[in-house]
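# A look at the structure
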Amino acid sequence: MSADERDPMSRKVIDCRDMPSESGCTLTISGEEDEVVTAAAMHAVDAHGHQDNDELRDALRSNLKDEVLVR
């Protein structure tokens, strides 16, 4: 199945610009929900000094948005 044949609603996006931050980070991550949460948690720990725990992952998951495909 090609990327164009997949359900676009299954891809999620998280954007650091939507999260409270003083660093002005502009990273955007997209992919399947669990992939995005995992990658965003790693980024939050490495770049922003957060601790990877259930509270962080719940906050990240609540900020996920459906990816909008532009054609």
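Preceding this section is the structure that the text describes.
For the structure given in this document, a descriptive report is provided here. (Residues numbered from 1 in each chain as written. Predicted model: local features only at pLDDT ≥ 70, side-chain atom pairs only at ≥ 80, totals over all residues. Heavy atoms only, no water.)

### Details of the overall build of the protein
Test applied: In DSSP terms, a helix is any run of H or I states spanning at least four residues, a strand is any run of E spanning at least two, and both are numbered starting from the N terminus. Partly exposed residues are those whose accessible area sits between 20% and 50% of the maximum for their type, while under 20% is buried and over 50% is exposed, using a 1.4 Å probe and protein chains only. Contact criterion: two residues are considered in contact whenever any of their non-hydrogen atoms come within 4.5 Å of each other. Only the protein chains shown count as cover for residues, and all accessible areas are computed by the Shrake-Rupley method using a 1.4 Å probe.
Secondary structure assignment for the protein yields two helices and three strands. The helix and strand sequence of the protein, counted from the amino end, reads β-β-α-α-β. Counting over 71 residues, the protein shows a buried share of 25%. Long-range contacts, defined here as pairs at least 24 residues apart, represent 44% of the contacts in the protein between residues at least 6 apart. For the protein, the exposed surface amounts to about 5200 Å²; the carbon and sulfur share of it is 49%.

### Overview of the packing of helix α1 (residues 33-48) against helix α2 (residues 54-62)
Just so we agree on the cut-off: Axis angles are defined between N-to-C directions and span 0 to 180 degrees, where every axis is a line fitted to C-alpha atoms and, for a helix, only to the segment in contact. Reported orientations rely on four angle classes, namely roughly parallel under 35 degrees, roughly antiparallel over 145, roughly perpendicular from 65 to 115, and oblique for the rest. Rotating anticlockwise by less than a right angle from the far helix to the near helix defines a left-handed crossing, while the corresponding clockwise rotation defines a right-handed one. Amino acid classes used here: Ala, Val, Leu, Ile, Met, Phe, Trp, Tyr, Cys and Pro are nonpolar; Asp, Glu, Lys and Arg are charged; the rest, including Gly, are polar.
Between α1 and α2, the shortest axis-to-axis distance is 10 Å and the interhelical angle comes to 125°. One element, α1, and the other, α2, form an angle in the oblique class. You can see that α1 and α2 cross each other, and the crossing is right-handed. Across from E33, D34, V37, T38, A40, A41 and A44 in α1, the residues of α2 making contact are L56, R57, L60 and R61. Residues of the contact of α1 with α2, tallied by class, amount to six nonpolar, one polar and four charged.

### A look at α1
Selection rule: A helix is expected to span 1.5 Å for every residue after the first. Directions pointing from the helix axis toward each C-beta atom define the arc.
The end-to-end C-alpha separation of α1 is 21 Å, in line with the 22 Å expected for 16 residues at 1.5 Å each. Burial in α1 covers these residues: V36, V37, A40, A41, H43 and A44. Buried positions in α1, seen along its axis, are confined to an arc of 165° and lie on one side of it. The exposed set on the far side of α1, more than 90 degrees from its buried face, consists of D34, E35 and D46. Against β1 (11-15), β2 (28-32) and α2 lie the buried residues of α1. Two residues or fewer past α1, G49 is found with a positive phi of approximately 75°.

### A word on the nonpolar core
The condition that has to hold: Here, nonpolar core means buried Ala, Val, Leu, Ile, Met, Phe, Trp, Tyr and Cys residues that are tied together by side-chain atoms lying within 4.5 Å of each other.
Residues I14, I29, V36, V37, A40, A41, A44, L56, L60 and L64 constitute the largest nonpolar core, which totals ten residues. Of all the elements in the fold, those that place two or more residues in this core are α1 and α2. Top element by residues in this core is α1. It accounts for five residues. If we ignore the near neighbours within four places in the chain, the residues touching A41 are D52, L56, R57 and L60.

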